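Observations on the three-dimensional arrangement
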Amino acid sequence: MKADVPPSGPPLVELKEISKRYGDLLANDGIDLSIEPGEIHALLGENGAGKSTLVKILYGVIEPSAGEIRWQGRPVAIGSPVEARTLGIGMVFQHFSLFDELTVAENIAVALSGEWSLATVRGKLGEISRTYGLALDADRAVWTLSAGERQRIEIVRCLLQKPRLLILDEPTSVLTPQEAEHLFLTLDRLSAEGCSILYISHKLEEVRRLCRRATILRAGRVVATIDPRASSAREIAALMVGNEVGEIRADAPHHPQGEMLKISQLSMPPAGLHGQALTGINLVARAGEVVGIAGIAGNGQTELFAALSGERLAERPDAVVIAGKPAGTLGIDARRRLSAAFVPEERLGHAAAPTHRLSENTLISHAATEVSRTGFILANAAKRLARTIIQSFDVRTPEGDPQARKLSGGNLQKFVIGREIIRKPRLLVVDQPTWGVDAGAARLIRQALVDLARDGSAVVVVSQDLDELFEVADRMAVIHQGTMSPLKPIGEWTKEAVGLEMLGVAQAQGGAHAV
Amino acid sequence: MRFELTPRTNASVGMRVLASVAAFITAFLIAGLVIWIMGRSPVAAFDVYVLQPLSDPWAIQELIVKATPMALIAIGLSYCFRANLWNIGAEGQYVIGAVLGSWLALKTHGTDAGFWVLPAMLLLGIVGGALYGLIPAFLKTRFGVNEILTSLMLVYVAQLVLDYLVRGPWRDPKGFNFPQSVTFDPAATLPPVFEAGRVHYGAVFAVIAVLVTAVVLGRTLFGYRLKLTGDAPRAARFAGFSSRATTMAVFAISGGLAGLAGISEVAGQIGQLQPSISPGYGFTAITVAFLGRLNPIGILIASLVVALTFIGGESAQILLKLPLDLTQAFQGILLMCVLAADALVSYRIRLTTRGGGK
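The rules behind these values
Residues numbered from 1 in each chain as written. Chains lettered and ligands numbered in written order. Predicted model: local features only at pLDDT ≥ 70, side-chain atom pairs only at ≥ 80, totals over all residues. Heavy atoms only, no water. Helix = DSSP H or I, 4+ residues; strand = E, 2+ residues; numbered from the N terminus. Buried < 20%, exposed > 50% of the residue type's maximum accessible area, 1.4 Å probe, protein only. Domains from an automatic or database assignment. Contact = heavy atoms within 4.5 Å. Salt bridge = Lys/Arg side-chain N within 4 Å of Asp/Glu carboxyl O. Polar contact = N/O pair within 3.5 Å; in protein donor to acceptor, adjacent residues only side chain to side chain. Nonpolar A, V, L, I, M, F, W, Y, C, P; charged D, E, K, R; others polar. Patch = residues over 30% accessible without salt bridge, like charges linked within 9 Å, V, L, I, M, F, W, Y side chains within 5 Å. Areas by Shrake-Rupley, 256 points an atom, 1.4 Å probe, with all protein chains shown as cover. Lys, Arg positive; Asp, Glu negative; His and termini not counted. Charge placed at Lys NZ, Arg CZ, Asp CG, Glu CD. Buried area = accessible area lost by both parts, 1.4 Å probe. Pairing = 2+ DSSP bridges. Axes fitted to C-alpha atoms, helices over the stretch in contact; angles between N-to-C directions. Core = buried A, V, L, I, M, F, W, Y, C linked by side-chain atoms within 4.5 Å.

Moving on to unusual backbone geometry. Its identity as a non-glycine residue notwithstanding, Lys162(A) has a phi of 45°, on the positive side. By the element assignment, Lys162(A) lies in the loop between helix H5 (147–159) and strand E7 (165–169). Of note in the backbone geometry, Phe176(B) takes a positive phi value of approximately 50° without being a glycine. Turning to its location among the elements, Phe176(B) is positioned in the loop between helix H6 (147–167) and helix H7 (202–219). Owing to a relative accessible area of 74%, Phe176(B) belongs among the exposed residues under this scheme.

What follows is the structure, given as structure tokens:
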């Protein structure tokens, strides 16, 4: 499926057999990628496919374990972002690095580390703004600017250094559609002037609008380099999420009883600049079943979890009903007393306090129900509980009651999931249960989730790992830009259909799925 | 080339104790050097600063009197600092506590009001300090205003309020126009613990505060709440601890204890209101809290150590003609040394050459 590109001198940049290993994990596995001068090249892939790692290698942030980078045909070692910039590589990160209190011109001057005076920056800024249609007021303080304007600062900051290659990481995730269109025009102009662009995204429409070539990554490998305009959304989605059908478990006899969780018309504003609003979400999880929620990160999973756990409250009590009780406006402790339990995505800092011992960490979710009496901590009960969790869930610890940060990711995840399951909750909501966890721990965790459901609880699993969802879920829905697809039995989903929902092209193409 | 701090995973309790001792020795060596440069004998200074106060029973009483307000305030501050909230305005809460408590003393002056006056004064002192402490807490939780700035600025407001009162409406009419109130009645005076001694009941309050705090921080859910809020704020929210309630609670507690320190000092030590009722106890208590590593017993010891530098500083001024500023400099040097020792125990310093970015 290689797209034909007319050969015209050496490519601007060429990556050969780039690999990056983190312990057991191969984040990048022998990646080849070449970018021609003036080309807008897309890098597509699910979260965790290895896009960020690859780009960080190219920008000198991390060092590859193996492989070669050629710049205009010449092998180079890019040891730091400074060296990358000297070569002519500029990068706009997804999360901005700007000083809110400083003005636009000051922010740019600061980044240029004293090369130019403020007056020079102001002059150049005006020039670039006019040339590329990047309207910016040099003297506005950054905190008064919209996300789109802030991104313009980052882009201008790169352009001032006259880059040959501009890397943009998910640039439209914080933009309104109008701002995005504006950005595309700028990128077209840059490309016409011969600046190459590496465009990282998982939004198909954008990639088709901008790029003639796209490299698709999956699980650290290049699966294809294609012309996105010549391939159907279906084909691209299949390449991104994998063609092979997962082992769909033979429809286990599940007899769901009562509704343990009912979400109706749940809407919520985004939490902060990079958040995603939730709009009119409906979902039901019944006792005895595992409900899976698929989706690419940043489509509202974090907000959904916070709304379910009670860390953020809904406007109406009946937006979230737990075990028959309207709980939308109840805090997390009250929801725990309704026999709900929660495991957030972030292990260290959210589910557990890194510097606290495991026995203390049991307090975080058990204080409302056990291990404390009339305000006093029952230290021995907490220690016993920690020991029971460690034994029941095969948590490997360096010592009897270690600090949470001393456990490996997989073992800590077993602990925080065990901490909730051991309470025998009637509803368990888990966000990314096996993210960054080794295979053995992942298997144990998935088994524990399925067992909990078979024992009569409702389990909601939010995950980006489709294989995982196909393995554990009885019914599944897909979240995309804060809206939820219909909830269907797992047997009625194909990976392809999930992929299309994840990319938000399912509705657009109607039920016919004809492309 | 740059310095890199890598955490040590095996820092033992023994190492920490040893590091504290090393910190004290280093601080004394640096101070000795400064004194030597100033042309005085470091040995004589050590004698005046440390040995003489500790060998004189009167001076030991004085030591406890000076340590009392600092211990009370620092204990309160430890609640805030553990939760990573920065109450820098204990000095102001101390002053307002003293003012509100003294109001009752002045109201009942010359009447035959009974034994209830003193307890009511102490209670008013606590309430005054707590309410004054709640102002920055409210501004922070309601409007997101930085508590460091508001609590600090409110110190100056409190001092000027006190200044106005003792120069204006509360001035003693028979006081030859000196800016001070009448001397409190015996019923409004905090008695000494021992007959004819200098140590007043404030010292007892400080010890009680230390013991209660040791239990609260070590054994209760509230204590864990503060620790969790300070160490992992997101986990604290996940645990169901509202950060707003935590903020209000710790500011009320630290303000209340500062207020108690203020009214105890006025009713037990000074005996009347005057424009200055503190040589900066509220600020020095911040040093004390960190010298004591936010541990209640540690704070009690630290307050005695810092009180020693105050008393030694006063004698050094008289006997060696060393400026009082040197005392404050020494307090700063001591804190720096202790914090540095703490960092060195928790982290290993490595010199790395750049480029090997991992």
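Interfaces are frequently sized by the accessible area removed from exposure as the parts join. All names here are of chain A. The assigned domain composition of chain A is domain 1 (13–241) and domain 2 (259–503). Each partner contributes to the interface: domain 1 provides 17 residues, whereas domain 2 provides 14 residues. The interface formed by domain 1 and domain 2 holds zero salt bridges in total. At the boundary of domain 1 with domain 2, the tally comes to zero residue pairs in polar contact (both at pLDDT 80 or more). When residues of the side of domain 1 that touches domain 2 are traced back to their parent elements, those giving at least two are H5, helix H7 (204–210) and helix H8 (233–241). Grouping the amino acids of the side of domain 1 that touches domain 2 by side-chain chemistry returns seven nonpolar, five polar and five charged.

What follows covers a positive patch on the surface. On the surface, a cluster of positive charge is contributed by Lys383(A), Arg384(A), Arg387(A) and Arg219(B). Looking at the positive patch, the element that brings in the most residues is helix H12 (residues 379–392) of chain A, giving three residues. Within the fold, Lys383(A) resides in helix H12.

The next point concerns a nonpolar patch on the surface. Residue and element names in this part refer to chain B. Together, Phe3, Leu5, Leu344, Tyr347, Ile349 and Leu351 make up a nonpolar patch on the protein surface, roughly 640 Å² of accessible area in all. The set of elements that each furnish at least two residues to the nonpolar patch consists of strand E1 (2–7) and strand E2 (347–352). Of all the elements, E2 adds the most residues to the nonpolar patch, at three residues. Relative to the assigned elements, Leu5 resides in strand E1.

A separate point is the domain arrangement of chain B. All names here are of chain B. On domain assignment, one finds that chain B holds domain 1 (1–40 + 333–358) and domain 2 (53–321). If you average the C-alpha positions of domain 1 and of domain 2, the two centres end up 31 Å apart. Domain 1 puts seven residues into the contact, and the matching count from domain 2 is seven residues. Approximately 710 Å² of surface area, both sides summed, lies buried where domain 1 meets domain 2, with 64% of it carried by carbon and sulfur atoms. Of all residues in domain 1, Arg40, Leu335 and Val338 bury the most surface against domain 2, accounting for 53% of the area lost on that side. Across the contact surface, domain 1 and domain 2 share one salt bridge. In this structure, Asp342 engages Arg293 in a salt bridge whose closest nitrogen and oxygen atoms are separated by 3.4 Å. When residues of the side of domain 1 that touches domain 2 are traced back to their parent elements, those giving at least two are helix H1 (13–37) and helix H13 (325–346). Top contributing element to the side of domain 1 that touches domain 2 by residue count: H13, with four residues. For the side of domain 1 that touches domain 2, the residue count by class is four nonpolar, one polar and two charged.

Glancing now at the sheet that holds strand E4 (residues 66–71) of chain A. Residue and element names in this part refer to chain A. Read across the sheet, four strands follow the order E2-E1-E4-E5 without closing on themselves; strand pairing throughout is antiparallel. Looking along the sheet, the strands with just one partner apiece sit at the ends: strand E2 (25–35) and strand E5 (74–76). Recorded for the sheet is a direction-independent mean angle of 30° between the axes of neighbouring strands. Against the sheet, helix H1 (residues 51–58) contacts strand E1 (13–22), E2 and E4, and its axis sits at roughly 120° relative to E1.

On to the nonpolar core, then. By size, the foremost hydrophobic cluster in this structure holds 150 residues, and its most contacted members are Leu266(A), Leu304(A) and Leu228(B). Among residues more than four places away in sequence, those in contact with Leu304(A) are Ile263(A), Leu266(A), Leu278(A), Ile281(A), Ile293(A), Ile479(A) and Met484(A).

One key point about sheets: their strands pair by backbone hydrogen bonds, in either a parallel or an antiparallel sense. Residues and elements named next belong to chain A. The sheet built from six strands is open, its strands ordered E6-E7-E8-E3-E9-E10 with mixed pairing. The open sheet is flanked by strand E6 (89–92) and strand E10 (221–226), the only strands paired with a single partner. Averaged over all adjacent pairs, the angle separating strand axes in this sheet is 20°, with direction ignored. Here strand E9 (residues 213–218) runs beside E10; their pairing, made up of five bridges, is antiparallel. Across the sheet, residue Ala214 finds its bridge partner in E10, namely Ile226. Against the sheet, H5 contacts E6 and E7, and its axis sits at roughly 175° relative to E6. Contacting strand E3 (40–44), E9 and E10, H8 runs over the sheet at an angle of about 35° to E9.

The next point concerns the interface of chain A and chain B. Taken together, the contact between chain A and chain B spans 30 residues of the former and 20 residues of the latter. Where chain A abuts chain B, roughly 2000 Å² becomes buried across the two surfaces, and 59% of that area is made up of carbon and sulfur atoms. Remark: the boundary between chain A and chain B carries one salt bridge. Of all elements in the fold, only helix H10 (332–337), helix H11 (358–366) and strand E18 (376–377) of chain A reach the threshold of two or more residues within the side of chain A that touches chain B.

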